[in-house]
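One letter stands for each residue in the lines below.
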Amino acid sequence: MSSAPLPLSIWARNISPSPTLAVDAKAKAMLAAGEDVCSFAAGEPDFDTPGHIKDGCIAALRAGKTKYAPTPGIEPLRAAVAGSYQTNYGLKVQPAQVVVSPGGKYSCYLAIMATCSPGDEVIIPAPYWVSYPEMVKLAGATPRCVLADDTTGFKLTPAMLAKAITPKTRLLIINSPSNPTGAVYTRAELAALAEVAVQHNLYILSDEMYEHLVYDGARPTCVATLGPEVEARTLIVAGFSKTYSMTGWRLGTLVAPAPISKACAELQSQMSSNATTFAQYGALAALVEKEKTAAALAAMLTAFDRRRKFLHAELNRIPGIKCLLAEGAFYLFPNISSFGLKDADFCARLLEQEKVAAVPGSAFGAEGYLRLSYATSDEIIAKGVARLARFCAGLKP
Ligand SMILES: *Cc1c(COP(=O)(O)O)cnc(C)c1O
């Protein structure tokens, strides 16, 4: 008896695997094989998790916090997250509005699953974080990507947003500070976008994962603070991964009006259950031991800021490259369109000829750019950007 090959589901067949993780994995594999790679592909801080956070986790593990926890998170952590919104933004958040999830990525997925149904449309400003369109598709909804290139500072304008809205639009995704561009919207810019979302009765998913990684005195805006009508429709995603160098811990947060948070927790109860119990105690230490955490964050920010300025200056000295000075996260997004190469080809040749790893802008819905992460050592940045300059010089006709 022969049987026909079993087809995989449309979900499995339609998913595009994360291109950023793929480039990073390739660079790491080349490094492991002894090759002299300069990687700008990292999507995570290059620092270790601060010691007091590890200690909080270790103590919990020793104390036997090794069992299931309540699905939306341990109570003290939910309370501490709620309190941090009051402290940081003056926003009143009840612990019941907080869901602790297995990662900020997972929080985004919960937010989309809780708000979008098949047939709905979701507006995603491009360049976008790679997972948004894929998650929208997994919810059976349709991503509508709207390109905001360097001519608008990689920021969606209210006019661009209004033009993209249809009767099917359900959700607007905002990510400030942005991965991949580092752009930070001002409060006024966000208020103008939120006003359009209110007019058209859209949900807002505000991915504030990089809220604490801002430079030049830029102030992060918590979108839920833009007024009661905005707060009532906003799901804030944030977490610990990028701010406290905790990417491997797999912890994220979601804050929304209570009925929405409850829906997210119910989805999580069937999709994953609680985030790792003892890991949550480490995150609790990050929020409770405020002075140690602030000192660790300040040290990381100083290093990021120095690298950001250096890399930005060096990039703009390369003939043919134009790069805006981003105010947040740990990425720069230079324009390389003047070289007349597809960005994917540019990156492939750059890796092959100069052993420099970068992610093409097209992975983020913006052809003609590179995403360079400066979450790597000053030495690698200096060596890598010199190689990039040599590569670009070789491309000139
Ligand atoms: C890294 C990142 C996340 C998710 O972080 P986790 O590692 O899943 O906590 C979410 N959004 C953006 C924009 C990111 O860059």
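Residues numbered from 1 in each chain as written. Predicted model: local features only at pLDDT ≥ 70, side-chain atom pairs only at ≥ 80, totals over all residues. Heavy atoms only, no water.

**Some details on the sheet that holds strand 3 (residues 121–126)**
Taken together, seven strands build an open sheet; the order of strands is 2-8-7-6-5-3-4 and the sheet is mixed. Every other strand in the sheet has two partners, leaving strand 2 (98–101) and strand 4 (142–147) as the edge strands with one partner each. For this sheet the average axis-to-axis angle between neighbouring strands, irrespective of direction, equals 20°. With four bridges joining them, strand 6 (residues 203–207) and strand 7 (residues 234–239) adopt parallel strand pairing. Of the residues in strand 7, the one forming a bridge with S206 is I236. Strands in contact with helix 4 (residues 75–89) are strand 2, strand 7 and strand 8 (252–255); relative to strand 2, the strand with the most contacts, it is inclined by about 120°. (Pairing = 2+ DSSP bridges. Helix = DSSP H or I, 4+ residues; strand = E, 2+ residues; numbered from the N terminus. Axes fitted to C-alpha atoms, helices over the stretch in contact; angles between N-to-C directions. Contact = heavy atoms within 4.5 Å.)

**Regarding the packing of helix 4 against helix 11 (residues 277–288)**
Contact geometry for helix 4 and helix 11: axes closest at 9 Å, N-to-C directions at 35°. When the axes of helix 4 and helix 11 are compared, the crossing they make is left-handed. Across the interface between the two elements, P76, L77, A80 and V81 of helix 4 pack against Q280, A283, L284 and L287 of helix 11. Classifying every residue of the contact of helix 4 with helix 11 by side-chain character gives seven nonpolar, one polar and no charged. (Left-handed = near helix turned anticlockwise from the far one by under 90°. Nonpolar A, V, L, I, M, F, W, Y, C, P; charged D, E, K, R; others polar.)

**Let's talk about the pattern of salt bridges**
When their charged atoms lie close together, side chains carrying opposite charge are able to pair. Enumeration according to the criterion identifies 20 salt bridges in this entry. Linking R387 and D36 is a salt bridge whose minimum nitrogen-to-oxygen distance equals 2.5 Å. Here R387, found in helix 14 (residues 378–395), pairs with D36, found in the loop between helix 2 (19–32) and strand 1 (38–39); they are 351 residues apart in sequence, far enough to count as distant. With relative accessibility at 42%, the residue D36 sits in the partly exposed group. For E266, the salt bridge goes to K262, with nearest N and O atoms at 3.3 Å. Taken together, the residues E266 and K262, both in helix 10 (residues 258–271) and four residues apart, mark about one turn of the helix. (Salt bridge = Lys/Arg side-chain N within 4 Å of Asp/Glu carboxyl O. Buried < 20%, exposed > 50% of the residue type's maximum accessible area, 1.4 Å probe, protein only.)

**Quick word on the packing of aromatic side chains**
Summed over the entire model, instances satisfying the criterion amount to 15 aromatic pairs. Measuring from centroid to centroid gives 5.5 Å for F154 and Y369, while their planes differ by 70°, and the two rings are edge-to-face. Of this pair, F154 sits in the loop between strand 4 and helix 7 (158–164) while Y369 sits in the loop between strand 11 (359–360) and strand 12 (370–373), and the two are 215 residues apart along the sequence. Ring geometry for Y210 and Y331: centres 5.9 Å apart, planes at 80°, overall edge-to-face. (Phe/Tyr/Trp six-rings, centres within 6.5 Å; stacked < 30°, edge-to-face > 60°.)

**Notes on the site of the ligand**
Surrounding the ligand, one finds 14 residues, the nearest of these being G104, D207, Y210, S241 and K242. The backbone of K105 places a nitrogen or oxygen atom 2.8 Å from an oxygen atom of the ligand. K242 is positioned such that a nitrogen or oxygen atom in its side chain is 2.9 Å from an oxygen atom of the ligand. In the complex, the protein chains occlude 94% of the 380 Å² of accessible area that the ligand would expose alone. Mapping the ligand onto the cavity grids shows that it belongs to the largest pocket. Residue composition of the shell around the ligand, by class: five nonpolar, five polar and four charged. (Near = heavy atom within 4 Å. Polar contact = N/O pair within 3.5 Å; in protein donor to acceptor, adjacent residues only side chain to side chain. Areas by Shrake-Rupley, 256 points an atom, 1.4 Å probe, with all protein chains shown as cover. 1 Å grid on protein atoms, 1.4 Å probe; cavity = no way out; pocket = protein on both sides within 12 Å on 5 of 7 lines; lining within 4 Å. Sits in = over half its atoms within 2 Å of the grid points.)

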